[in-house]
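Structural overview
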Amino acid sequence: MTFRPVVATSQSQPAMEGAGVHLHRVFGFDDPSLTDPFLMMDDFRNDDPRMYSKGFPWHPHRGIETITYVLEGEVEHADSLGNRGILGPGSIQWMTAGSGIVHQEMPLGDAKGQMHGFQLWANLPRDLKMTKPRYQDIGATDLPVEVDDDGTVVKVLIGSFWGKQSPVDGIAANPMLLDISVPAGRRKTFKVDTRANALAYVFAGSGQFRDASNPIGIQVEKEYQGQEMAFRDQSGNRTLVRFGSGDEITVQAGDEGLRFLLMTGRPIQEPVAWHGPIVMNTQAELRQAFDELNKGTFIKHDARA
């Protein structure tokens with residue numbers, strides 16, 4: 001067994017998207033090879049409907065898959081091919097944009113006005129860029145949950161873990177996405193695919209991700225006020241952790257416990273040409289996609305067929 005070291009940590013950054021949705025961008029600023037096959041991740045949580053109610057009106061996608069996971073409130077979605085639905089608390093949607101789709105996503109808060117969820121973008125390999133679009137909407141009660149003897153809770157959103165299999169299927173890059181809660185003070189080890197890149201996003205509580213040889217947290221480099229500093233990582237709320245190679249990760253939960261998303265996926269290792277909601281392999285393919293948008297020939301498949 002080889003424990004994955006922490007190679008980088010970062011804090012999500014405030015951003016505004018759609019028609020004025022205030023959110024935090026977890027990653028998507030830098031070299032996409034660092035998180036391959038994942039391209040971008042947003043954490044949208046707010047207690048003020050004025051900060052999110054205008055949502056994400058009609059917009060196109062091509063060449064990617066989007067994963068939306070809702071914790072509080074709802075997200076109403078519709079697309080140009082006739083698909084409609086509402087994602088409630090605890091539910092997930094995997095949308096394969098493939099050859100092209102135009103859709104909208106409108107956040108709806110709960111009775112207290114609270115809205116919380118995540119959207120993750122996964123790249124598609126070259127041979128699937130122009131595949132037929134597809135939605136998979138999975139309700140909260142259909143997603144498997146496993147509770148370990150020490151109180152650790154794992155909700156399997158994508159892939160399989162601890163003998164539980166998510167109903168989401170047919171996904172490129174063999175990804176895994178887990179919602180993990182570790183009780184206060186507990187130390188826990190999780191197995192991961194050795195061929196996959198691995199990321200953890202802490203969104204509640206705090207803890208230390210580290211290897212077995214260093215019980216007080218692993219030393220990492222981080223920029224602070226323009227200077228590189230070395231210190232022990234104590235990953236807290238809204239922290240992204242990127243791991244090196246290995247087949248296990250270990251976490252020590254803090255005094256308030258720890259809740260995080262663990263995501264893994266096998267890197268595609270192909271060129272990325274990316275502009276807005278469209279991700280292709282070459283600039284020529286990007287130009288063609290936007291030209292088709294202007295000409296009204298962007299939609300290639302009917303997802304209802």
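Summarised in this report is the structure supplied together with it.

1. Describing the pairing of strand β18 (residues 187-191)
On β18, burial follows the alternation: Lys188 and Phe190 on one face are buried, whereas Arg187, Thr189 and Lys191 on the facing-out side are not. Bridging between β18 and strand β23 (residues 248-265) involves five bridges; their strand directions are antiparallel. Its bridge partner lying in β23, Lys191 is registered against Glu248.

2. Looking at the sheet that holds strand β12 (residues 134-138)
Here seven strands make up an open sheet; going across it, the order is β2-β3-β4-β11-β6-β9-β12 and the pairing antiparallel. The outermost strands of the open sheet, each flanked by one partner alone, are β2 (13-17) and β12. Strand-to-strand twist in this sheet, taken as the mean axis angle between neighbours without regard to direction, amounts to 20°. Across five bridges, the pairing between strand β6 (residues 64-72) and strand β9 (residues 92-96) is antiparallel. What sits directly across from Thr68, in β9, is Gln93.

3. Let's talk about unusual backbone geometry
Cis geometry is found at the peptide bond from Asp36 to Pro37, where omega equals 15°. Among the secondary structure elements, Pro37 is positioned in the loop between β3 (21-27) and β4 (38-46). One non-glycine residue, Arg238, lies in the positive phi region at around 60°. Note on placement: Arg238 falls in the loop between β21 (227-232) and β22 (239-243). For Gln269, which is not glycine, the phi torsion reads 60° and is therefore positive. Relative to the helices and strands, Gln269 is located in the loop between β23 and β24 (273-275). Residue Gln269 is classed as exposed on the basis of its relative accessible area of 68%.

What counts and what doesn't
- Residues numbered from 1 in each chain as written.
- Predicted model: local features only at pLDDT ≥ 70, side-chain atom pairs only at ≥ 80, totals over all residues.
- Heavy atoms only, no water.
- Buried < 20%, exposed > 50% of the residue type's maximum accessible area, 1.4 Å probe, protein only.
- Helix = DSSP H or I, 4+ residues; strand = E, 2+ residues; numbered from the N terminus.
- Pairing = 2+ DSSP bridges.
- Axes fitted to C-alpha atoms, helices over the stretch in contact; angles between N-to-C directions.

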